[in-house]
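Chain and residue survey
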Amino acid sequence: MDLKNMTLRTRFAPSPTGFLHIGGARTALFCHLHARHYGGKTILRIEDTDRERHKQEAVDAILAGMHWLGMDPDEGPFYQSDNASRHLDVAEQLIVGERAYRCYCTKDELDQMRDEQRAKGIKPKYDGRCRNRTAPPSDDAPFVVRFLRPKVGEVVWDDKIQGEIRVRNDELDDLILVRSDGSPTYNLAVVVDDHDMGINLVIRGEDHLSNTPRQIQLFEALAWEVPEYAHMPLLHGSDGAKLSKRHGAVSVLSFRDDGFLASAVNNYLVRLGWSHGDQEIFTQEEMEQLFDVCEVGRSAAIFDSDKLLWINSHHIRDAHPEELLEELIIQLEKIEIYGVERDKLLEVIPEFQERSKTMVEMAAKVSFLFVDDLPVYDPAAAKKHMKVASLAPLTELANRLEAQPEWSLAAIEKVFKSILEAFDIKMGKLAQPVRVSLTGTATSPGIYETLYLLGREKTIARLRHGVEFLEEKAAFAT
RNA sequence: GUCCCGUUCGUCUAGAGGUUAGGACACUGGCCUUUCACGCCGGUAACAGGGGUUCAAUUCCCCUACGGGACGCCA
């Protein structure tokens with residue numbers, strides 16, 4: 001019967017104001033990982049009690065972000081606004097039970113009250129002047145429903161992350177449950193929904209810490225079981241302040257655009273506030289197996305893109321080429337390279353995994369293989385490596401490769417060796433001009449691999465072009 | 001202003017009453033090498049400050065400073 005003790009149920013409850021940013025993703029990740037670790041369920045609930053905020057594109061963007069990160073919820077999305085009538089019933093129940101009352105104060109009155117309180121240096125809060133009102137000021141006077149908070153005592157809970165927190169009840173005020181337009185507010189809705197959905201662990205940002213005692217008071221007033229709470233330290237921007245859209249907190253999906261892998265983003269986020277020995281690199285499975293929200297630290301972290309980059313490079317390296325295929329194709333299309341056969345890409349990817357910190361970088365590095373145009377030489381690379389002295393070896397290399405029937409790493413190597421011997425030069429003197437001729441740059445995978453992947457036709461053509469370049473240079477010199 | 005939370009290398013973190021305060025990113029010296037990258041070896045760099053408690057405190061307690069969050073008919 002007591003299902004709550006059998007299954008952990010936690011929820012991620014964003015408000016649909018925009019895309020899922022990195023801070024929100026971290027909260028969602030911690031919910032997801034903790035639930036997976038304990039075989040629990042995750043519920044996605046959209047907190048849209050403020051109707052102005054309900055934007056479908058925002059919901060879609062959040063869903064898309066979570067999907068990319070591999071955190072599709074087990075249940076939901078549910079919309080808080082769908083439960084409005086239930087919320088209002090509960091408010092009515094509280095009025096009947098004398099745990100809530102109608103308040104007729106106007107906004108102006110309240111503003112004035114808060115100003116006075118602030119001027120006196122005390123915490124602004126509703127002074128309860130309507131608590132004992134017996135009749136409305138007029139028949140059609142608008143009113144809100146306020147919670148009648150306990151006047152004495154304190155709220156105590158053992159936060160899974162923050163430890164024991166106590167707040168005196170007289171620090172809190174009579175919060176509004178129902179607005180004057182008859183709609184339920186967030187604090188009412190969360191409590192009712194968390195209860196109705198059987199949520200037994202609330203994982204959320206520390207910015208909700210001060211809501212928690214009020215919500216606990218509500219649970220208690222309704223004689224409902226209070227869930228457990230875990231308040232995560234916030235993620236800060238490089239200026240040390242809470243991450244927000246103003247601080248360049250962009251959609252998690254923009255990380256995908258920038259060539260980051262979902263597993264790397266998760267890996268980066270999980271290490272903010274949590275650690276497991278000296279381990280830095282975690283697979284998705286390891287995170288799900290090891291993460292426990294109770295082990296999360298209490299201090300805020302600052303987003304560091306260098307570390308993300310490093311973790312991403314590890315995930316790229318550790319991935320199977322198949323896992324990188326889709327992302328590479330996306331990035332290639334962005335630089336207008338279309339229709340490369342998948343098998344070809346699978347052959348190419350392993351040569352670039354160690355050399356790419358992002359998939360954007362990989363696409364850029366790989367691109368020379370797939371363009372038909374002859375490469376434009378990077379000036380610095382050409383200046384350093386395209387010397388007239390290389391003219392003869394390069395010419396001869398092109399000749400011998402052309403005469404070589406087999407196109408394999410071994411065959412290519414053999415030809416290279418024969419050139420080195422014939423001209424009595426070191427590898428560097430041959431490989432670098434070849435590299436520039438083939439790629440236009442001074443860097444690429446191993447030279448044999450580079451030729452092999454480029455293919456015979458393009459290799460010969462580009463070598464010949466390099467030879468022409470050197471001939472022209474020689475002509476100028478004389 | 002009031003309440004709540006925090007403070008170990010620049011950054012993410014480990015640590016525990018007795019450690020040469022550990023690891024990682026970044027930075028940096030070197031090795032490897034056909035380039036780049038990877039990898040390997042090394043270096044710089046931290047317990048916010050002041051009081052207690054204690055034989056001993058970075059670790060426990062208090063205060064201060066600094067930082068953050070919250071004080072809405074937003075969520």
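What counts as what
- Residues numbered from 1 in each chain as written.
- Chains lettered and ligands numbered in written order.
- Predicted model: local features only at pLDDT ≥ 70, side-chain atom pairs only at ≥ 80, totals over all residues.
- Heavy atoms only, no water.
- Near = heavy atom within 4 Å.
- Polar contact = N/O pair within 3.5 Å; in protein donor to acceptor, adjacent residues only side chain to side chain.
- Helix = DSSP H or I, 4+ residues; strand = E, 2+ residues; numbered from the N terminus.
- Nonpolar A, V, L, I, M, F, W, Y, C, P; charged D, E, K, R; others polar.
- Phe/Tyr/Trp six-rings, centres within 6.5 Å; stacked < 30°, edge-to-face > 60°.
- Buried < 20%, exposed > 50% of the residue type's maximum accessible area, 1.4 Å probe, protein only.
- Lys NZ or Arg CZ within 6 Å of the ring centre and 35° of its normal.
- Pairing = 2+ DSSP bridges.
- Expected span 1.5 Å × (residues − 1).
- Bend = angle between axes of the 7 residues up to and from the residue.
- Contact = heavy atoms within 4.5 Å.
- Axes fitted to C-alpha atoms, helices over the stretch in contact; angles between N-to-C directions.
- pLDDT = per-residue confidence, 0-100.
- 1 Å grid on protein atoms, 1.4 Å probe; cavity = no way out; pocket = protein on both sides within 12 Å on 5 of 7 lines; lining within 4 Å.
- Points joined across faces, edges and corners; volume = space filled by probe spheres on them.

In this section: the protein's contact with RNA strand B. Around RNA strand B sit 58 residues, and of these Gly-121, Arg-179, Ser-210, Gly-273 and Glu-354 come closest. Taking Pro-124, its main chain carries an N or O atom lying 3.0 Å from a sugar or linking oxygen of RNA strand B. Taking Ser-180, its side chain carries an N or O atom lying 2.8 Å from a base oxygen of RNA strand B. For the surface near RNA strand B, the elements supplying multiple residues, two or more each, are helix H5 (107-119), strand E12 (301-302), helix H11 (305-318), helix H18 (427-439) and helix H19 (447-454). When residues in the surface near RNA strand B are grouped by element, the largest group, five residues, is from H18. The residue inventory of the surface near RNA strand B, partitioned by class, reads 18 nonpolar, 18 polar and 22 charged.

Applying the stated criterion across every chain yields a total of 11 aromatic pairs. Consider the rings of Phe-219 and Trp-224, whose centres lie 6.5 Å apart with planes at 65°: the pair is edge-to-face. Phe-219 sits in the buried class, given a relative accessible area of 1%. Here a set of aromatic residues connected by ring pairs shows up, and it is made of Phe-30, Trp-274, Phe-282 and Phe-291. Over the ring of Tyr-126 we find Arg-146; its NZ or CZ atom is 3.6 Å from the centre of that ring.

This brings us to the pairing of strand E7 (residues 163-168). One ladder, built from six bridges, connects strand E6 (residues 154-159) with E7; its direction is antiparallel. Pairing of Glu-154 across the sheet is with Arg-168, part of E7. Between E6 and E7, which pair antiparallel and follow one another directly, the connecting turn spans three residues.

Each α-helix winds once per 3.6 residues, and so residues spaced three or four apart point in a common direction. The terminal C-alpha atoms of helix H12 (residues 321-334), which comprises 14 residues, lie 20 Å apart, in line with the 20 Å expected from a rise of 1.5 Å per residue. Residue Glu-327 marks the point of greatest curvature in H12, where the axis turns by about 30°. Where H12 is concerned, the buried positions are Pro-321, Leu-324, Leu-325, Glu-327, Leu-328, Ile-329, Gln-331 and Leu-332. Considering only its buried residues, H12 is in contact with helix H3 (56-68), helix H8 (252-257), H11, helix H13 (342-352) and helix H14 (359-366). Looking one or two residues beyond H12, the residue adopting positive phi is Glu-336, at roughly 65°.

It is worth spelling out the sheet that holds strand E3 (residues 75-79) at this point. Taking strand neighbours across the sheet as the criterion, the five strands line up as E3-E2-E1-E9-E10 in an open arrangement whose pairing is parallel. Of all strands in the sheet, those bounded by a partner on one side alone are E3 and strand E10 (228-232). Looking at each pair of strands side by side, their axes are set apart by 25° on average, direction ignored. Against the sheet, helix H7 (residues 212-221) touches strand E9 (201-205) and E10, its axis set at about 170° to E10.

Right, let's get into the confidence of the model for chain A. Averaged over every residue, the pLDDT of chain A is 91; residues scoring 70 or more account for 96%. As a predicted assembly, this complex carries a pTM of 0.92 together with an ipTM value of 0.94.

For the second largest pocket, the calculated volume is near 620 Å³. Surrounding the second largest pocket, 22 residues form its lining, Lys-107, Leu-110, Val-144, Ile-176 and Arg-179 being those nearest its centre. Among the elements of the structure, H5, strand E5 (144-147) and helix H6 (186-196) are those that each provide at least two residues to the lining of the second largest pocket. In terms of residue count, the dominant contributor to the lining of the second largest pocket is H5 (four residues).

All right, on to empty space enclosed by the protein then. Under the counting rule described, the total for this entry stands at one cavity of 30 Å³ or more. Around the largest cavity, the lining residues are Phe-12, Ala-28, Cys-31, His-32, Thr-42, Ile-43, Leu-44, Met-66, Met-71 and Pro-73. Contributions of two or more residues to the lining of the largest cavity are made by helix H2 (22-37) and strand E2 (41-46). When grouped by side-chain class, the residues that make up the lining of the largest cavity number eight nonpolar, two polar and no charged.

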